[in-house]
Amino acid sequence: MKKNVILLSLLGIIVIPGIALAASISGKVVFNGKVPGLKPLDMNADPMCAAHHKTPPMVEILVLGDGNSLANVFVSVASGLPQGKTYAAPKQAVTIDQNGCMYIPHVFGVMAGQPVVFKNSDGIMHNIHALPEKNRQFNAAMPGTLKETSKMFDKAESYFKIKCDVHPWMGAWARVMDHPYFQVTDKKGIFTIADLPAGTYEIEAWHEKLGVQKSKVTVGDKESKTLNFTFTAPSK
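Predicted, not measured: the structure shown is a model, and the values here were computed from it.

When you look at the pairing of strand 2 (residues 74–79) in this model, what are you seeing that I'm missing?
For a regular strand, the rule is simple: side chains alternate between the two faces of the sheet. The pairing of strand 2 with strand 12 (residues 182–184) spans three bridges and is classified as antiparallel. Counterpart to Phe 74 in the pairing with strand 12 is Val 184. The pairing of strand 2 with strand 14 (residues 199–207) spans five bridges and is classified as antiparallel. Considered in strand 14, the bridge of Val 77 is made with Ile 203.

See the structure below:
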């Protein structure tokens, strides 16, 4: 084995244990059905917020792209990872911006112990009211002079709301993970979960209004598999 590694190194090929044979799961999330008539956000209660937008932005409970691709879907490995394996939290912070009196991004994931930086790009009063159950809740004021503040969630936890009490239309959803295998879709609806060891995984796709879907997929060494999800509006 050592001879093979040396030979590959001489050929300019870098061998990284656990990565060289890594697999990946990619796919697309779409919405199927009649798109409900969504209303724009009413920001008239704070003229400074309304002034950030030429036209009022739409509510974020259903954000669609071309072909009804679905944004803000949290896709993650729900089961199948090696038993007992732990994953170090990244030192690089996840950044959440309060911009245009909206939280950007609207849905995000962070690993337990990873810093989260909340920015205030608006230069007006906001507050960050986080409502987890396992982690400590906080309600932090962010006046216009405070450009950013850093927080951290110490325990893995399912989805919880973050809101602004000053501007009640502002809201975001967070999830705290104990592993790095997750991604949130943008308006293209695309996700990729990379650097997985070979195995059989249950993949979960979560949307704040449309619920949860799960599907199993098996990947081998260096194999890439496609897994798509379709959400429909719940019946009344």
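Help me understand the environment of His 52 in this model?
Along the chain, the position of His 52 falls in the loop between helix 2 (47–50) and strand 2. Judged by relative accessible area, His 52 falls into the partly exposed class, the value being 38%. Distance in space between the C-alpha atoms of His 52 and Ala 233 is 31 Å, their sequence separation being 181 residues. Setting aside anything within four residues of it in sequence, one finds His 52 in contact with Gly 100 and Asp 122.

Help me understand the state of the cysteines, please; the structure alone is not making it clear to me.
Linking two cysteines covalently via their sulfur atoms produces the bond known as a disulfide. Evaluation of the coordinates by the stated rule reveals one disulfide. Sulfur-sulfur distance for the disulfide between Cys 49 and Cys 101 comes to 2.0 Å. On the sign convention where negative means left-handed, the S-S torsion of about -75° between Cys 49 and Cys 101 marks this disulfide as left-handed. In this pair, Cys 49 is assigned in helix 2 and Cys 101 in the loop between strand 3 (94–98) and strand 4 (103–104), connecting sequence segments 52 residues apart.

Any chance you could explain the pattern of salt bridges here in plain terms?
Opposite charge on two side chains makes pairing possible when the charged atoms of those side chains draw close. All told, the structure shown has four salt bridges when counted by the stated rule. We note a salt bridge from Glu 204 to Lys 214, for which the minimum N-O separation is 3.7 Å. Here Lys 214 lies in strand 15 (residues 211–219) and Glu 204 lies in strand 14, a separation of ten residues in the sequence. Owing to a relative accessible area of 9%, Glu 204 belongs among the buried residues under this scheme. In this structure, Glu 223 and Lys 225 form a salt bridge, with 3.9 Å as the shortest nitrogen-oxygen distance. The class of Glu 223 is partly exposed, set by a relative accessible area of 31%. Relative accessible area serves as the criterion here: at 28%, Lys 225 is assigned to the partly exposed category.

Mind showing me how you'd approach the sheet that holds strand 10 (residues 157–163) here?
Working definition: the strands of a sheet are paired by backbone hydrogen bonds and lie parallel or antiparallel to each other. Across the sheet, five strands lie side by side as 5-11-10-7-8; this open sheet has mixed pairing. What marks the edges here is a single partner per strand, and that holds for strand 5 (107–111) and strand 8 (138–142). Taken over all neighbouring pairs, the strand axes of this sheet differ in orientation by 20° on average, direction set aside. Sheet analysis places strand 7 (residues 126–130) next to strand 10, joined by two bridges and oriented antiparallel. Considered in strand 10, the bridge of Ala 130 is made with Ile 162.

Can you walk me through the layout of surface pockets in this structure?
Over the atoms, a rolled probe matching the size of one water molecule traces out where space is still vacant. Approximately 260 Å³ is the volume attributed to the largest pocket. Val 77, Ala 78, Met 177, Asp 178 and His 179 are, among the 17 residues lining the largest pocket, the residues nearest its centre. It is strand 2 that provides the largest number of residues to the lining of the largest pocket, a total of four residues. Class assignment of the residues belonging to the lining of the largest pocket gives a composition of eight nonpolar, four polar and five charged. In this structure, the second largest pocket occupies an estimated 220 Å³ of space. In terms of lining, the second largest pocket is formed by 15 residues, of which the most central are Val 59, Glu 60, Val 63, Asn 72 and Lys 187. Looking at side-chain class alone, the lining of the second largest pocket contains eleven nonpolar, two polar and two charged residues.

What counts, and where the lines are drawn
- Residues numbered from 1 in each chain as written.
- Predicted model: local features only at pLDDT ≥ 70, side-chain atom pairs only at ≥ 80, totals over all residues.
- Heavy atoms only, no water.
- Pairing = 2+ DSSP bridges.
- Helix = DSSP H or I, 4+ residues; strand = E, 2+ residues; numbered from the N terminus.
- Buried < 20%, exposed > 50% of the residue type's maximum accessible area, 1.4 Å probe, protein only.
- Contact = heavy atoms within 4.5 Å.
- Disulfide = S-S within 2.5 Å.
- Salt bridge = Lys/Arg side-chain N within 4 Å of Asp/Glu carboxyl O.
- Axes fitted to C-alpha atoms, helices over the stretch in contact; angles between N-to-C directions.
- 1 Å grid on protein atoms, 1.4 Å probe; cavity = no way out; pocket = protein on both sides within 12 Å on 5 of 7 lines; lining within 4 Å.
- Points joined across faces, edges and corners; volume = space filled by probe spheres on them.
- Nonpolar A, V, L, I, M, F, W, Y, C, P; charged D, E, K, R; others polar.

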